[in-house]
Amino acid sequence: MRRALEGLAEDPRPPGCICLEKNYYRLRVGNIRILYQILDAERTVLIGAISRRDERTYKDWKKCFK
């Protein structure tokens, strides 16, 4: 998990990441999902949530970034 998070600093769009919507991504690490936003102009990755995958993981994912 830690390596995946640190890896986002080097490559915010690693192989296997999924674009949920413009600038919002999901990275799968086993049964854990990392939901994050990429701000290219600021060269910043904002982590919105780190959680186990369940039926609610993607239902209200945008609330993680407000």
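Residues numbered from 1 in each chain as written. Predicted model: local features only at pLDDT ≥ 70, side-chain atom pairs only at ≥ 80, totals over all residues. Heavy atoms only, no water.

Draft legend 1. Geometry of the packing of aromatic side chains. A complete count under the given rule lists four aromatic pairs for this structure. Aromatic side chains Y24 and F65 sit 5.0 Å apart centroid to centroid with 70° between the ring planes, which places their arrangement in the edge-to-face category. Separated by 41 residues along the polypeptide, Y24 in strand 2 (residues 24–29) and F65 in the segment after strand 4 (44–52) bring together distant segments of the chain. An angle of 20° between the planes, with centres 5.8 Å apart, marks the rings of Y25 and Y36 as stacked. Of the two residues, Y25 sits in strand 2 while Y36 sits in strand 3 (residues 32–39), which places them 11 residues apart along the sequence. The exposure class assigned to Y25 is buried, which follows from its relative accessible area of 11%. Clustering of aromatic rings is evident, with ring pairs tying together Y24, W61 and F65. (Phe/Tyr/Trp six-rings, centres within 6.5 Å; stacked < 30°, edge-to-face > 60°. Helix = DSSP H or I, 4+ residues; strand = E, 2+ residues; numbered from the N terminus. Buried < 20%, exposed > 50% of the residue type's maximum accessible area, 1.4 Å probe, protein only.)

Draft legend 2. Broad picture of the sheet that holds strand 1 (residues 18–21). Overall, antiparallel pairing links the four strands, which are arranged 1-2-3-4 in an open sheet. What marks the edges here is a single partner per strand, and that holds for strand 1 and strand 4. For this sheet, the mean inter-axis angle between neighbouring strands, taken without regard to orientation, is 30°. Relative to strand 3, strand 2 runs antiparallel, the two being bridged by six bridges. Each bridged residue has a counterpart across the sheet, and for Y24 the counterpart in strand 3 is Q37. (Pairing = 2+ DSSP bridges. Axes fitted to C-alpha atoms, helices over the stretch in contact; angles between N-to-C directions.)

Draft legend 3. Geometry of the environment of E10. Among the structural elements, E10 can be located in helix 1 (residues 2–10). Taking the relative accessible area as the measure of exposure, E10 reaches 73% and is therefore exposed. Between the C-alpha atoms of E10 and E42, which are 32 residues apart in sequence, the distance is 14 Å.

Nothing here speaks to function; it is geometry throughout.
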